[in-house]
Amino acid sequence: MPRVVILLQKITLGSQPRCFMTALCGLKRSSCETRASCWGLRRFAKSCKRLEKGKSNACQTFNYQELVQAELKYYKSKSHKYRKLEDWFKKRLEIIWDKYASSNNNSVMHVDGTEYFEDDGCIYRKLKNGSPKVVLCLDQLQFLQTKDDQFQRIRVSPDQRYLASSIRTLSEESTCVVVKLDPKPVVAHVLPQAFSFEWATDNCLFYTILEKLRSQQVFRLLLEDLRAASEMVYKESDTRFFVELTCTKDGKFITINSNSKNSSEVWLIDRMHPLEEPKVVQRRLPELIYHVEHWKNQLCILTNFGASKEYRLMKAPISSPGMQNWKTIYAVKEKHRLIDMELFDDHCVMILKCYGYLYLHVFSLKEAGAVKSIQLSSPVQPPVSLQYSMDEDELYIKDDEAWLDITKDYKVTRLKAPSMDGTLVPISVFHKTTLNQMNENPLLVHVYGAYGMDLNVDFKPEQMMLLEDGWILAYCHVRGGGELGLSWHKAGRLDKKHIGVDDLRACLCYLHTMGYSNPRRTALKANSAGGVLVGSLCNVSPDFIRAVVLRAPFLDVLSTMLDPSLPLTKEDQEEWGNPLSDQRLFKYIQAYCPYQNIKQQNYPSVFITAYQGDQRVPLSGLLRYTTKLRNAVAANKCNTTDKDESLSIILDIRPGDDHFGPTDWEQSLHEVARHYAFLYKELELDP
């Protein structure tokens, strides 16, 4: 019998594969990370009034442009002490990235023997036994405005008559370009603001558009229609929901996935009959999340339906797909986080995580039987290609096995810190094997804890440099994230948000108690919504840490949730709560919100990176936070004899980039180098 294999391309052992099921996490790309209040400044009292752009509230004048210029001048005056270190780290980072360059190859799409791939701003097509030919280059497109634009999604029509590709521009916007491939590639259509898209037939493309971070309409374009006009086929009326298109793996259906943070609704488009109306699988219900795949004339439904409220795989007939006909095939165990799912000919592979360990669960779709479990290991391992044989129950490494030698130099430890209520919070710790007495070694702690998302522990070449320098890296998997399943997220959302702060504080205490560094050698790092936990901890326990690095941090929950005119507030209220309709939630959010609780006291040094093109965490909110924090620190110095002259509070404003930071490789390295220079200087380390 031939060997049946699953090829898992470029999975980092022990890290998280990229999830292709948006509904699986109960989140969308447009809102997987939240943002702070926008230009319109709000008073957080009950008498808050709408303000004009660039105007002031009753107590304070807020001139945006003057503050930006003043902050840029301040940064220039303070950054000189980090400049030499930044240049030095930049050179080291280039060497590190070159060392692991083979783990960052461009992906290749295979369609009936033809290869499609992107390289250096061009999309290529390589026919079987042929040489690569250019399909489309960015410099051909006159509507592009910056050199940072880049290709994102690529979709090829069923008979390879057309190719569609989205091009990322600034502020998270994208444009879809449709190319007719034969006889010579030529641009046939340009679809501004197109976000997700899938081919039904060779001349029928379905797509969504993204406006102000919202995607709520689906359009159908018939390319060979003489009018070539787009027709709207679906419209979402609830602003909490985000619409995205995917295609089932067997290519039978296009799915319209309409998801809020805590509810789903899926519609099916038969690719053979694209002019028919979409058909709903199951109408949305509060707290019901589901995602649909198709397998041998049945629907495979990944859902949290059931008493446990954790994910399970269920099946239903195409003819009657409602939840009354769902039957369980497989259930995720308690404390397990479902990362991804793949359907094969007769088998299903679930990728799971439990207390920081990554597993494959493999089982038959044809008949009930044993579930095979394969553990993957080591987040310090560069990505490798894996091949698993279902018949032999063996896992094979396809890449150069010399990569495996790196793991022996580093130790990975899984800890469980007892939080205030007795719950054990997982911590993943990495350091060099040769470290013994570690209470004087620097410690960098990462945290996120929101939206049911995992804290990213993927292999990162730049972190290998810290490990080589003797740093300890710790990842605190606090409640509010999704590391231990849906219940872990639920335990840290809405009126339980403070639990994430308690968990983070408990993790720091436990790490120090176990001999991992000490407060004056400890730094915290967080992105986006992780800023809520870090900012709150700095207000209540500033002595636990010496320095903080925040990237596009969310720091003013209350003002944001009070302003429904902002693009993502209504859907984010499912995570943080609605203080406009619930006075109890108003007071609760006010009690932990980082911006609202800045006080006159000592603080750790803080480095905030902000992006002028960020629509999720606009610069205006971070300007207010930084100003208020500096004023509180200055007032504390005037009123106490304990004056820490080495304290730094820096706002690094980056022009143009959006919430996800620079797309240019050089600029990305510079950003990391700035962060490392700050950490080494503030922790008084000799590099």
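Rules used throughout
- Per chain, residues are indexed from 1 in the order of the written sequence.
- Local features in a predicted model are, by the rule used here, given only for residues with pLDDT of at least 70; side-chain atom pairs are given and counted only at 80 or more, and totals for whole chains, interfaces and linings are based on all residues.
- As a convention, hydrogens and water are excluded, and side-chain values are obtained from all of the structure's heavy atoms.
- The numbering of helices and of strands both runs from the N terminus, where a helix is a DSSP run of H or I of at least 4 residues and a strand a run of E of at least 2.
- Exposed residues in this analysis have more than 50% of their type's maximum accessible area, buried residues have under 20%, and partly exposed residues fall in between, with area computed by a 1.4 Å probe over protein chains only.
- The contact rule is simple, with two residues in contact once any of their heavy atoms fall within 4.5 Å.
- Without a salt bridge and with relative accessible area above 30%, a residue can belong to a patch; like charges are then joined within 9 Å and nonpolar side chains (Val, Leu, Ile, Met, Phe, Trp, Tyr) within 5 Å.
- Residue exposure ignores everything except the shown protein chains as possible cover, and the areas themselves are Shrake-Rupley values with a 1.4 Å probe.
- When a carboxyl oxygen of Asp or Glu is within 4 Å of a side-chain nitrogen of Lys or Arg, the pair counts as a salt bridge.
- Should DSSP find at least two bridges between two strands, the strands are regarded as paired.
- Axis definition: a line fit to C-alpha positions, over the contact stretch in the case of helices; interaxial angles, taken between N-to-C directions, run 0 to 180 degrees.
- Oblique is the label for any angle not under 35 degrees, not over 145, and not in the 65 to 115 range, which are roughly parallel, roughly antiparallel and roughly perpendicular in turn.
- Should the near helix be turned anticlockwise from the far one by less than a right angle, the crossing is left-handed, and should it be turned clockwise, the crossing is right-handed.
- Throughout this description, a polar contact denotes any pair of N or O atoms lying within 3.5 Å of each other; where both atoms belong to protein, one of them has to be capable of donating a hydrogen while the other can accept it, and for residues adjacent in sequence the pair is counted only when both atoms sit in side chains.
- Each residue is assigned to one class: nonpolar for Ala, Val, Leu, Ile, Met, Phe, Trp, Tyr, Cys and Pro, charged for Asp, Glu, Lys and Arg, and polar for all the others, Gly among them.

So what exactly am I meant to see when it comes to the overall build of the protein here?
Helix and strand counts for the protein stand at ten helices and 35 strands. With 687 residues in all, the protein has 58% of them scored as buried. A separation of at least 24 residues holds for 61% of the contacts in the protein among residues at least 6 apart in sequence.

Please explain a nonpolar patch on the surface as it appears in this structure.
A grouping of F143, V187 and V190 is seen on the molecular surface, where their side chains present a nonpolar patch of about 210 Å² in accessible area. As for its position among the elements, V187 is in strand β9 (residues 186–192). Residue classification places V187 among the partly exposed positions, given a relative accessible area of 35%.

Just to check I follow, could you spell out the sheet that holds strand β18 (residues 290–295) for this structure?
Taken in spatial order, the four strands line up as β18-β19-β20-β21 in an open sheet, and their pairing is antiparallel. Single-partner strands in this sheet number two, and they are β18 and β21 (327–331). Averaged over all pairs of adjacent strands, the angle between strand axes in this sheet comes to 25°, irrespective of strand direction. Where β18 meets strand β19 (residues 298–303), six bridges bridge the pair, whose relative direction is antiparallel. Counted as the bridge partner of H291 is L302 from β19.

Where do I start with the pattern of salt bridges in this structure?
Pairing between side chains of opposite charge can happen when their charged atoms approach one another. For the structure shown, the criterion picks out 35 salt bridges. The salt bridge involving D658 is made with R168; its shortest N-O contact spans 2.4 Å. One end of the pair, D658, is in the loop between β35 (649–654) and α10 (665–682); the other, R168, is in strand β7 (residues 162–168), and 490 residues separate them in sequence. The pair D658 / R168 is uniform in exposure class, with both members buried. For D238, the salt bridge goes to R240, with nearest N and O atoms at 2.7 Å.

Quick question: what am I supposed to make of the packing of helix α1 (residues 64–99) against helix α2 (residues 461–468) here?
In a pair of packed helices, the angle between the axes and the distance between the axes together describe the arrangement. One way to put it is that α1 packs onto α2 with a least axis distance of 8 Å and a crossing angle of 115°. Taken together, the axes of α1 and α2 are roughly perpendicular relative to one another. When the axes of α1 and α2 are compared, the crossing they make is right-handed. Side by side, α1 and α2 meet where F89, R92, L93, I96, W97 and K99 of the first sit next to P461, E462, M465 and E468 of the second.

Hey, could you run me through the side chain of T609 in this one?
Position of T609 among the secondary structure elements: in strand β34 (residues 605–611). Polar side-chain contacts of T609 include one of 2.8 Å to the side chain of H675. If we skip the residues at most four places from it in the chain, T609 touches L550, R551, A552, P553, D652, R654, E671 and H675.

Help me out: how do you make sense of helix α5 (residues 530–540) in this one?
Each α-helix turn comprises 3.6 residues. Residues three or four places apart therefore point the same way. Here α5 lies mainly inside the structure; ten of its eleven residues are buried. Within the sequence span of α5, burial applies to G530, G531, V532, L533, V534, G535, S536, L537, C538 and N539.

I keep staring at the packing of helix α4 (residues 498–513) against α5 and nothing clicks. Help me out?
The interhelical angle for the contact between α4 and α5, taken along N-to-C directions, is 65°, at an axis separation of 9 Å. The pairing of α4 with α5 is recorded here as roughly perpendicular in orientation. Of the two elements, α4 crosses α5, and the hand of that crossing is right-handed. Two secondary-structure elements touch here, α4 through G500, V501, L504, R505 and L508 and α5 through L533, V534, S536 and L537. Of the residues belonging to the contact of α4 with α5, the class tally is six nonpolar, two polar and one charged.

I keep staring at the environment of C247 and nothing clicks. Help me out?
As for its position among the elements, C247 is in strand β14 (residues 242–247). According to the relative accessible area criterion, C247 is partly exposed, its value standing at 24%. In this structure, the C-alpha to C-alpha distance between C247 and E198, residues 49 residues apart in sequence, is 6.7 Å. When sequence neighbours within four positions are dropped, the list of residues in contact with C247 reads E198, F253, I254, R271 and E293.

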